[in-house]
Amino acid sequence: MKRCTMLIVDDEKFAIEGIMNCKDWEALGMDAVYAAGSADEARALMLEKPVDILICDIEMPDEDGLSLVRWVKERYPLTEFVFLTCHSEFTYAKQAVHLGSFDYLLKPVDSEELAQVVGRMIESIHERREQSDYNEKYQKYYALYNKQQPLLVEHFWQDMLSRRILSFGDFLDRALQDAQVALSSGDYVLPILISPEEWTKVLPERDQEILEYAVKKAAEEMLLAGRRGHAVMDRNGFLFVLVYGGGEGESNGASDGVGNNNGDGSDGWVQAAERFKAACLSYFYCQISCYIGYRATLQELPGLCDGLKDMERNNVTKPHSVLLFNKAAIAGVVAASSPSNEPVSMNISEWMSVISSGNRDKVIALIGQHVAKLEQNPNSTPKQLEAYLHEFLQVIYHFLYGRGIAVSQIPNFTMWSTAQIRTLAQFKYWAVHLVSAVMDTVFRDKEADGFVQKAIYFMRENVEEDISREDVAAYVKLNPAYLSRLFKKETDRNLIDYLIETKVNRAKHLLDTTDMTVSAIAQQVGYSNFSHFTRTFKKHTGVNPQEYRKQS
């Protein structure tokens, strides 16, 4: 603990000496004891040195102590002070109390009484310092908490959308509480997928990243527009605006389920998305598409977001659009058949075949079919459900074993395999989450690698053609924005930059091995504008084509 300093102000020299020597002030916690014979001398000293405790005589010939203390209070409000006086006059005492004096002592001062007063003053100063330190640390951590809070929320939604959080029982409520998300497990959320598809202005990679962040913040401001919600980038780089709704009892606002608790229907969301799309083009040089979902439960949300991503992935005919999602597309449940007394069991070969196909929609549909059969079976019991769950786990173990993949490679597999499932609804969500985690691990890298390699092959084979990102995407039959995101994730490079680099490398080869003119080489590698080719070449090599040829 930092020690204190004390200043004694008295026009009587012997009075000052008496106080300075009456106690071992250092032993009482004093770092330094100063003395001043007048108010002016005291002011000069306090302007140079910090003073925690002021012992001041009230009656001094040049200026009384009350005036000095008023000056001290204005400039050093944390300094504690005690008055000394030869007269026990009520007027002095009243003014001393009004100024906030710690005490009021009569001369000659008893050393023990003064030491006790100073000791209490030191304790008061230490308490105030501790409180100040606490407040300072609290404000520091409060600021850090406020800074980190959006990250906690974003990480929650990333885990939720990637099915790393169990979405039934109290698992979900605990996760919501831990992340300080203002929702309960019974609330609804409307997701909107924002897909930046094309930049209308040539931008350096750093500027593009900044504008992508600007698009995210603008989406949060314009689409939420005062509603509760959050804009989040999921673990695969997809930007979602999640609009928080209320519980089941609140109105959807639209018969098709697209809306929120403000009563906005699907038309309202389409209009808002169109305005946002126009703003992105005007302010951020960015053409986007918006894929609008519906108000879904938190349990349905990951599947709905996967459906929106599939919409974007397969959208090769309607760029720069605002599209609504068809709720029936991911229902995943075939109409229930008539009740049957026959026990429902798994056909292991059928399940292995469907999972091995890599088609997640088929697997989810198969889960829905079996859950529907179990719901219609009057003989279904908790024991039978447990047996069915173990059969499902055996299918997963068998599938992973056949692929040479350890269960430890599946995110949160231990949590999935030990979860307590008590209802068919829980089983359905549990099975969909588990199989999605498994298929993400087994197929995503293979699928992504296949598309990326096809894209690289096409760019290299057509390096001398005037090809664009859209041409590459058309070749691999993917949405251009989806392919760009996939390419960036797998190679850590932008697809456009890779295409340009491929053309520059081809131009360098022609400069090295042929006598073609630079303008002819520019046309050969797909550049009709000679100046544009020269600028691009210099940007990637540091020299213009003529200088490169001279050097090589």
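Novice: Would you explain the overall build of the protein chain in this entry?
Specialist: A tally of helices and strands in the protein chain yields 20 helices and eleven strands. Every one of the 552 residues in the protein chain was classed for burial, and the buried ones make up 45%. Surface summary for the protein chain: the accessible area is close to 28400 Å², and the carbon and sulfur share equals 50%.

Novice: Is there a simple way to think about the pattern of salt bridges in this case?
Specialist: A pair can form between side chains of opposite charge whenever their charged atoms are brought close. This model, assessed by the stated rule, comprises 17 salt bridges. Of the charged contacts, one joins glutamate 80 and arginine 128 as a salt bridge, the two residues approaching to 3.0 Å between their closest N and O atoms. Note that glutamate 80 is positioned in strand β4 (residues 80–85) and arginine 128 in helix α5 (residues 111–161), a separation of 48 residues in sequence. Taken together, the salt bridges that share partners define one network made up of Arg163, Asp234, Asp306 and Lys309.

Novice: What exactly am I supposed to notice about a negative patch on the surface here?
Specialist: On the surface, a cluster of negative charge is contributed by Glu123, Glu127, Glu130, Asp133 and Glu136. Considering the arrangement of structural elements, one finds glutamate 136 in helix α5. Assessed through its relative accessible area of 56%, glutamate 136 is described here as exposed.

Novice: What should I look at first to understand the packing of helix α10 (residues 348–356) against helix α12 (residues 382–403) in this one?
Specialist: When two helices pack together, their arrangement is given by the angle between the helix axes and by the axis-to-axis distance. Two elements in contact, α10 and α12, have axes separated by 10 Å at closest approach and are oriented at 50 degrees. Between α10 and α12, the angle falls in the class oblique. Our pair here, α10 against α12, has a crossing hand that is right-handed. Residues Ile348, Trp351, Met352, Ile355 and Ser356 of α10 form the contact with α12, whose participating residues are Tyr388, Phe392, Val395, Ile396, His398, Phe399 and Arg403. For the contact of α10 with α12, the class distribution of residues is nine nonpolar, two polar and one charged.

Novice: How should the packing of aromatic side chains be read in this particular structure?
Specialist: One pair of aromatic rings is described through two measures. These are the centre distance and the angle between the planes. Per the counting criterion, the structure on display carries 16 aromatic pairs. Where tryptophan 351 meets phenylalanine 392, the ring centres are 5.5 Å apart and the plane angle is 85 degrees; that geometry is what we call edge-to-face. With a gap of 41 residues between them, tryptophan 351 in helix α10 and phenylalanine 392 in helix α12 connect regions that are remote in the sequence. Just as tryptophan 351 is buried, phenylalanine 392 falls in that class too. On the basis of an interplanar angle of 75 degrees and a centroid distance of 5.6 Å, the ring pair of phenylalanine 537 and tyrosine 548 is categorised as edge-to-face.

Novice: Looking at this structure, how should I read unusual backbone geometry?
Specialist: It is generally the case that most residues other than glycine have a negative phi and that most peptide bonds are trans. For glutamine 180, which is not glycine, the phi torsion reads 60 degrees and is therefore positive. With respect to the helices and strands, glutamine 180 occurs in the loop between α6 (169–178) and β6 (188–199). The backbone of tyrosine 285 sits at a positive phi, close to 55 degrees, despite the residue not being glycine. With respect to the secondary-structure elements, tyrosine 285 resides in the loop between α8 (266–284) and β9 (286–292).

Novice: Got a minute to help me understand the side chain of histidine 230 in this structure?
Specialist: The residue histidine 230 is located in strand β7 (residues 229–233) in this model. Apart from the residues within four sequence positions on either side, histidine 230 is in contact with Pro150, Val153, Glu154, Trp157, Glu220, Leu224, Phe240, Val241, Leu242 and Tyr244.

Novice: Honestly, the pairing of strand β2 (residues 30–36) in this entry has me stumped. Any pointers?
Specialist: Taken residue by residue, a regular strand's side chains alternate between the two faces of the sheet. In this sheet, β2 lies alongside strand β1 (residues 4–9) in parallel orientation, the contact comprising six bridges. Bridge pairing in β2 places isoleucine 8 opposite alanine 35. The parallel pair β1 and β2, bridged by helix α1 (residues 13–21), forms a crossover whose chirality is right-handed.

Novice: Whenever I open this one, the environment of methionine 459 confuses me. Can you help?
Specialist: As for its position among the elements, methionine 459 is in helix α14 (residues 424–461). Taking the C-alpha atoms as reference, methionine 459 lies 8.7 Å from tyrosine 498; in sequence the two are 39 residues apart.

Novice: Where do I start with the environment of valine 69 in this structure?
Specialist: Within the secondary structure, valine 69 is located in helix α3 (residues 65–75). Along the backbone, valine 69 and threonine 79 are ten residues apart, and their C-alpha atoms lie at a distance of 9.7 Å.

Novice: What is the right way to look at the confidence of the model for the protein chain in this model?
Specialist: Interpretation of the predicted coordinates at a detailed level should be avoided for regions scoring low in pLDDT. Taken over all residues, the pLDDT of the protein chain has a mean of 81, while the share at 70 or more is 86%. Across residues 247–263 the pLDDT falls below 50, and counting only partners more than four positions away or on other chains, this stretch makes 44 contacts in the model.

Novice: Can you help me understand the nonpolar core in this one?
Specialist: In a soluble, globular protein the nonpolar side chains are often hidden away together inside. Ranked by size, the top nonpolar core spans 47 residues in total, and within it Phe156, Trp157, Val181, Phe240 and Met459 carry the most contacts. The element best represented in this core is α14, accounting for six residues. Discounting chain neighbours no more than four positions away, the residues touching phenylalanine 240 are Leu161, Pro191, Ile192, Leu193, His230, Ala231, Val232, Asp234, Cys305, Leu308 and Lys309. Grouped together as the second largest cluster of nonpolar side chains are 38 residues, Val354, Ile364, Val395 and Val432 included.

Novice: Even after reading the chapter, I still don't get the pairing of β7, so can you show me in this structure?
Specialist: Pairing analysis gives five bridges linking β7 to strand β8 (residues 239–244), with the strands arranged antiparallel. Following the sheet pairing, methionine 233 is matched in β8 by leucine 239. Here β7 folds back onto β8 in antiparallel fashion, the turn holding five residues, of which glycine 237 has a positive phi close to 85 degrees.

Novice: What should I look at first to understand the side chain of lysine 309 in this one?
Specialist: Tracing the backbone through its elements, the reader meets lysine 309 in helix α9 (residues 301–314). A relative accessible area of 10% means that lysine 309 is categorised as buried. For lysine 309, the residues in contact, after removing those within four places along its chain, are Leu193, Asp234, Asn236, Phe238, Phe240 and Tyr482.

Novice: What's the story with the packing of α9 against helix α16 (residues 480–491) in this structure? I'm lost.
Specialist: Between α9 and α16, the shortest axis-to-axis distance is 6 Å and the interhelical angle comes to 105 degrees. As summarised for this structure, α9 and α16 are arranged roughly perpendicular, according to the angle between their axes. Contact with α9, carried on its side by Lys309, Glu312 and Arg313, involves Ala481, Tyr482 and Arg485 of α16 and no other residues of that element. Looking at the contact of α9 with α16 residue by residue, the classes come out as two nonpolar, no polar and four charged.

Novice: Just checking my understanding: could you explain the state of the cysteines for this structure?
Specialist: Structurally, a disulfide amounts to a covalent bond that connects the sulfur atoms of two cysteines. Within the structure shown, the criterion is met by zero disulfides. With no disulfide of its own, cysteine 286 lies 5.8 Å from the sulfur of cysteine 280, the closest cysteine sulfur.

Criteria and thresholds
Residues numbered from 1 in each chain as written. Predicted model: local features only at pLDDT ≥ 70, side-chain atom pairs only at ≥ 80, totals over all residues. Heavy atoms only, no water. Helix = DSSP H or I, 4+ residues; strand = E, 2+ residues; numbered from the N terminus. Buried < 20%, exposed > 50% of the residue type's maximum accessible area, 1.4 Å probe, protein only. Areas by Shrake-Rupley, 256 points an atom, 1.4 Å probe, with all protein chains shown as cover. Salt bridge = Lys/Arg side-chain N within 4 Å of Asp/Glu carboxyl O. Patch = residues over 30% accessible without salt bridge, like charges linked within 9 Å, V, L, I, M, F, W, Y side chains within 5 Å. Lys, Arg positive; Asp, Glu negative; His and termini not counted. Charge placed at Lys NZ, Arg CZ, Asp CG, Glu CD. Axes fitted to C-alpha atoms, helices over the stretch in contact; angles between N-to-C directions. Parallel < 35°, antiparallel > 145°, perpendicular 65-115°, else oblique. Left-handed = near helix turned anticlockwise from the far one by under 90°. Contact = heavy atoms within 4.5 Å. Nonpolar A, V, L, I, M, F, W, Y, C, P; charged D, E, K, R; others polar. Phe/Tyr/Trp six-rings, centres within 6.5 Å; stacked < 30°, edge-to-face > 60°. Pairing = 2+ DSSP bridges. Right-handed = clockwise from strand over helix to strand, strands pointing away. pLDDT = per-residue confidence, 0-100. Core = buried A, V, L, I, M, F, W, Y, C linked by side-chain atoms within 4.5 Å. Disulfide = S-S within 2.5 Å.

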